[in-house]
Amino acid sequence: MTYKHITLPESGDKIAVADGKLQVSDNPILGFVEGDGIGPDITKASLRVWDAAVKQAYGGKRKIHWAELYMGEKAAAVYDGDYFPAETLQACRDLVVSIKGPLTTPIGGGFRSLNVSLRQNLDLYACVRPVRYYTGVPSPLRHPENVDVVIFRENTEDVYSGIEFAAGSAENEKLAKFLRDEMGCEFFEGAGLGVKPISEFGSKRLIRKAIRFAIDHSRESVTLVHKGNIMKFTEGAFRNWGYEVAAQEFAENTVSESDLWDKYDGQRPEGKVIIKDRITDIMFQLMQLRPSEFDVIATMNLNGDYLSDAAAAEVGGVGIAPGANIADHLAVFEATHGTAPKYADQNKVNPSSLLLSGVMMLEYIGWSEAANLINDVFPQVIEDKTVTYDFARQMNAATTVSTSGFADALIKKIEAA
Ligand code: NAP
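Just so it is clear, the model here is predicted, and its values are computed rather than measured. (Residues numbered from 1 in each chain as written. Predicted model: local features only at pLDDT ≥ 70, side-chain atom pairs only at ≥ 80, totals over all residues. Heavy atoms only, no water.)

J.: In this structure, what is going on with the overall build of the protein chain? I would like to understand it.
T.: Helix and strand content of the protein chain: 14 helices and 17 strands. The C-alpha atoms of the protein chain give 22 Å as radius of gyration, which agrees with the globular expectation for 417 residues (22 Å, within 12%). A principal-axis box enclosing the C-alpha atoms of the protein chain has dimensions of 65 × 60 × 50 Å. In the protein chain, which comprises 417 residues, the proportion classed as buried is 53%. The long-range fraction of contacts in the protein chain, counting pairs at least 24 apart against all pairs at least 6 apart in sequence, stands at 72%. In the protein chain, 43 positive and 57 negative side-chain charges are present, and the distance between their average locations comes to 2 Å. (Helix = DSSP H or I, 4+ residues; strand = E, 2+ residues; numbered from the N terminus. Rg over C-alpha atoms; globule rule 2.2 N^0.38 Å. Buried < 20%, exposed > 50% of the residue type's maximum accessible area, 1.4 Å probe, protein only. Contact = heavy atoms within 4.5 Å. Lys, Arg positive; Asp, Glu negative; His and termini not counted. Charge placed at Lys NZ, Arg CZ, Asp CG, Glu CD.)

J.: Explain the packing of aromatic side chains to me, please; I cannot follow it from the model alone.
T.: Each aromatic ring pair is summarised here by two numbers: the centre-to-centre distance and the angle between the ring planes. Under the counting rule described, the total for this entry stands at nine aromatic pairs. With a centroid separation of 6.2 Å and an interplanar angle of 85°, the aromatic rings of F32 and W66 are classed as edge-to-face. Separated by 34 residues along the polypeptide, F32 in strand β3 (residues 29-33) and W66 in strand β4 (residues 65-69) bring together distant segments of the chain. Look at F32 and you get buried, because its relative accessible area is 11%. What makes W66 buried here is its relative accessible area of 16%. A network of ring pairs unites the aromatic residues F32, W50 and W66 as a single cluster. Geometry around Y58 places R62 over its ring, the cationic atom sitting 4.4 Å from the centre. Seen from the ring of F187, R180 lies directly overhead, with NZ or CZ sitting 4.3 Å from the centre. (Phe/Tyr/Trp six-rings, centres within 6.5 Å; stacked < 30°, edge-to-face > 60°. Lys NZ or Arg CZ within 6 Å of the ring centre and 35° of its normal.)

J.: Explain helix α14 (residues 403-416) here, please?
T.: Across its 14 residues, α14 extends 20 Å between first and last C-alpha, which sits within 8% of the 20 Å expected from 1.5 Å per residue. Listed in full, the buried residues belonging to α14 are T403, G405, F406, A407, A409, L410, I411 and I414. (Expected span 1.5 Å × (residues − 1).)

J.: Explain the site of the ligand here, please?
T.: Around the ligand, 21 residues are found, and the nearest of them are G338, A340, K342, Y343 and Y389. Between a nitrogen atom of the ligand and a main-chain N or O atom of N350, the distance comes to 2.8 Å. In isolation the ligand has 880 Å² of accessible area, and contact with the protein removes 67% of it. Counting only elements with at least two residues in the shell around the ligand, the list comes to β15 (331-335) and α13 (389-392). (Near = heavy atom within 4 Å. Polar contact = N/O pair within 3.5 Å; in protein donor to acceptor, adjacent residues only side chain to side chain. Areas by Shrake-Rupley, 256 points an atom, 1.4 Å probe, with all protein chains shown as cover.)

Structural data, given as structure tokens:
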């Protein structure tokens, strides 16, 4: 495939998918989107750290060949006003694995969030957010080390599907009339109306991914988070389909929480993943009071959106929380915060969210040695109190460094490892 504005690196190999697995050479081409606002600062810093870790881990035998892709404001400049070029989507598909900085959602009639568009166009149905504690990071919890969860949030359905009708519109009136006259529903006059689709297909593919992850990473449990006591046929159905997919497809490797007590006296059988469920409201409380009880979480779009940011706050906030949007194989890793425009081009903000998303990406392509290297030196730099302004203001006697200065401190430790 030839592109109009994207230039692939002269050397390197595209990642392929064969037999349901990624085929990654020692010289893969990976895509990156710099992003808007603080995006260029955190991307530049992170690229240097990822490259240093790969070089150190594999003694120069492996190398990532980066291909710059364009979305957001930079795309608009290159593609004559187009913030969301079709060839960037095609390149994400062609390269299979990419990483992106934050993107501005331009304010103006009918402009959809670029992030939502990206997820929907590439059908990146699982938003994966690992939330773990790195020693030294400022946290409001007394025992933040007990937080170690990976949240799988369904990315394509729920009240985010965009099926909404404004109060007073002709469509709203038509739907309201149908609901009242044909379905016997009652609600106030002039209510805005939205639809919350939760399908068996969408729920099962997300929960299947979460269970597969738990099995592959020797995690103890998968918790289905839902408000099924109230929304029985959407959130309740999600819960039921979760238990169903576990029983039908992973019977060898999983045990339901009820069977755990009925058959195993509450003791987890060696190697089995416990499948349990919790109602959303109590889940928010439990994540603060007893986070060690949770391991992998699978939930729908809205619950997942709230829960991932709330959990991230327990271990340092969105400035540090990594994330990824993943389909069956195609994956776009991303910083979870926004573009923080007031800090653009100041070389000031914390690059950790994007940086640690890159660690997830290294793990995803099977380069765990390079990922581990960054995971090892990261807490050392934080414990040295060499941090960006956001952490420095929560610590005593910290040395405030710039975005690039933080990357320098990491690279120094990586090269000495
Ligand atoms: P934001 O960009 O995340 O910034 C909110 C605040 O969070 C900042 O003012 C800053 O706090 C802190 N922050 C964010 N990133 C940080 C970092 N790397 N290091 C340190 N602190 C950081 O949220 P927003 O202001 O609501 O949104 C701005 C734009 O971003 C909007 O156009 C929105 O659409 C877009 N957005 C994009 C994404 C995405 O691309 N995934 C996600 C969310 C929002 P202090 O002011 O306290 O220092």
